[in-house]
Each structure stands twice: as structure tokens, then as C-alpha cells.
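For reference, the chains in residue letters:
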Amino acid sequence: MDAVRIITASRRSLADATTVEDVIVEAWQAQALAEAIGSHLAIFGPYEVRSRARGLGDAGGRFSGGLLCPAVVTGGLRAAQLTEVRDVRAALTDLRRLLREVCEALVGVVLLVDEEGMYWTCVEAMDTVDESRDRVSGILEKLEVRDRNPA
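No experiment lies behind these values; they were computed from the predicted model shown.

## Some thoughts on the overall build of the protein
- Secondary structure summary: the protein contains 6 helices and 0 strands in total.
- Counted from the first residue to the last, the protein has its helices and strands arranged as α-α-α-α-α-α.
- With 151 residues in all, the protein has 48% of them scored as buried.
- Looking at the protein alone, contacts between residues at least 24 apart form 82% of all its contacts between residues at least 6 apart.
- Working note: accessible area of the protein is about 7,900 Å², and carbon and sulfur atoms make up 51% of it.

Dropping the structure here:
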């Protein structure tokens, strides 16, 4: 499945998230998707962005919130459905938007958390999502430079 379709599904699921646990699951899903897209672009993406995409794949894999969300409960990873990135710029723009929305949702729920461990899970997720979003922005900037200065 194309990255843009998966991102759209993820944004819908995030919008439907009603509990702290739901938001954590969606943060985990978004990070897994960032990892998958980064890894895909590191191999198949434009040459100019492959090393940055590898960094996105690495950053996406750092969030351990998935340990709290067994795949059976969450219906599995949407990122596992990724087969292609048809429009790199659209996918990265949408991914950056998804990551921003995840961060906003995490900020909204971190104040509702009663348990200290869950609080720190939210904080870790915010940090990791923010790092992934920065990496996506870096890849998009590299694509802009490439498009302005064709060889």
C-alpha cells in the first residue's frame, strides 16, 4: 500500500483516539510508519536523500512505546502494509503533518496521566516524534534544494 494512504488512515485513527492509551498506540504507529518510510527511501528514494532517510528510519525505531501496545491489541502495524512511496514529497509532507498532530495529541494527554511511568512514556514519545519530524523536514529541504538546482 502507498505511504500516503497509510498516513491518511493513521491521521483518522489519531483523530478518533479518545484515551491516553489510544494516543500512545497512535504515536507508536506513527513512529513505526516513520521508520518504514525512512527505510524505504534509504533504499529506493532519490539519491540525494538516502542518508537522511536512513536517519529517519533509525529515529523512527527508537520509541519503545510499542512495548506497551501489543500488536494483537492494536490490530498490527499499519507500517507493515507499506509497499511503495509513489510521491515522495507528498508522503513526507503528510508524514510531517501526522507527526505534528501526534505531538499535539501527546501534549494534550500528558496532563491527564495519573501514572508516572505513563507520563514518561508520553514525554519519550514526544521527544522521538519531534526528532522524526525534524528529520522529515530535513529531507524535504534537501529535495527543495535539489529541485531548485537541477544537475
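Following the structure, the description resumes.
## What about the packing of helix α5 (residues 88–110) against helix α6 (residues 116–148)?
- At their nearest, the axes of α5 and α6 sit 9 Å apart, and the two run at 155 degrees to each other. The pairing of α5 with α6 is recorded here as roughly antiparallel in orientation. Classified by chirality, the crossing of α6 by α5 is left-handed.
- Its residues placed into classes, the contact of α5 with α6 shows 20 nonpolar, 3 polar and 6 charged.

## Concerning the pattern of salt bridges
- Using the criterion set out here, one finds 10 salt bridges in the structure.
- Ionic pairing is found between Arg 11 and Glu 101, a salt bridge with its closest N-O pair at 2.6 Å. Note that Arg 11 is positioned in helix α1 (residues 3–16) and Glu 101 in helix α5, a separation of 90 residues in sequence.
- Its relative accessible area of 30% is what places Arg 11 among the partly exposed residues.
- Residues Arg 146 and Glu 48 are paired through a salt bridge, measuring 3.7 Å at the closest nitrogen-oxygen approach.

## Description of a negative patch on the surface
- Residues Glu 21, Asp 22, Asp 114, Glu 115 and Glu 116 make up a contiguous surface patch of negative charge.
- Note that Glu 116 resides in helix α6.
- Residue class for Glu 116 comes out exposed when judged on its relative accessible area of 59%.

## Details of the nonpolar core
- Grouped together as the largest cluster of nonpolar side chains are 45 residues, with contacts concentrated most on Ile 37, Leu 92, Leu 95, Leu 98, Val 102, Leu 106 and Cys 122.
- Listing elements by their share of this core, those giving two or more residues are α1, α2 (20–44), α3 (50–60), α5 and α6.
- For this core, the element with the highest residue contribution is α2, accounting for 12 residues.
- Sequence-distant contacts of Ile 37, that is, excluding residues within four places in its chain, are made with Ala 3, Ile 7, Leu 82, Leu 92 and Leu 95.

## Comments concerning the packing of aromatic side chains
- What the rule picks out here adds up to 1 aromatic pair.
- On the basis of an interplanar angle of 85 degrees and a centroid distance of 5.0 Å, the ring pair of Tyr 119 and Trp 120 is categorised as edge-to-face.
- Classification of Tyr 119 by relative accessible area gives partly exposed; the value is 34%.

About the cut-offs
Residues numbered from 1 in each chain as written. Predicted model: local features only at pLDDT ≥ 70, side-chain atom pairs only at ≥ 80, totals over all residues. Heavy atoms only, no water. Helix = DSSP H or I, 4+ residues; strand = E, 2+ residues; numbered from the N terminus. Buried < 20%, exposed > 50% of the residue type's maximum accessible area, 1.4 Å probe, protein only. Contact = heavy atoms within 4.5 Å. Areas by Shrake-Rupley, 256 points an atom, 1.4 Å probe, with all protein chains shown as cover. Axes fitted to C-alpha atoms, helices over the stretch in contact; angles between N-to-C directions. Parallel < 35°, antiparallel > 145°, perpendicular 65-115°, else oblique. Left-handed = near helix turned anticlockwise from the far one by under 90°. Nonpolar A, V, L, I, M, F, W, Y, C, P; charged D, E, K, R; others polar. Salt bridge = Lys/Arg side-chain N within 4 Å of Asp/Glu carboxyl O. Patch = residues over 30% accessible without salt bridge, like charges linked within 9 Å, V, L, I, M, F, W, Y side chains within 5 Å. Lys, Arg positive; Asp, Glu negative; His and termini not counted. Charge placed at Lys NZ, Arg CZ, Asp CG, Glu CD. Core = buried A, V, L, I, M, F, W, Y, C linked by side-chain atoms within 4.5 Å. Phe/Tyr/Trp six-rings, centres within 6.5 Å; stacked < 30°, edge-to-face > 60°.

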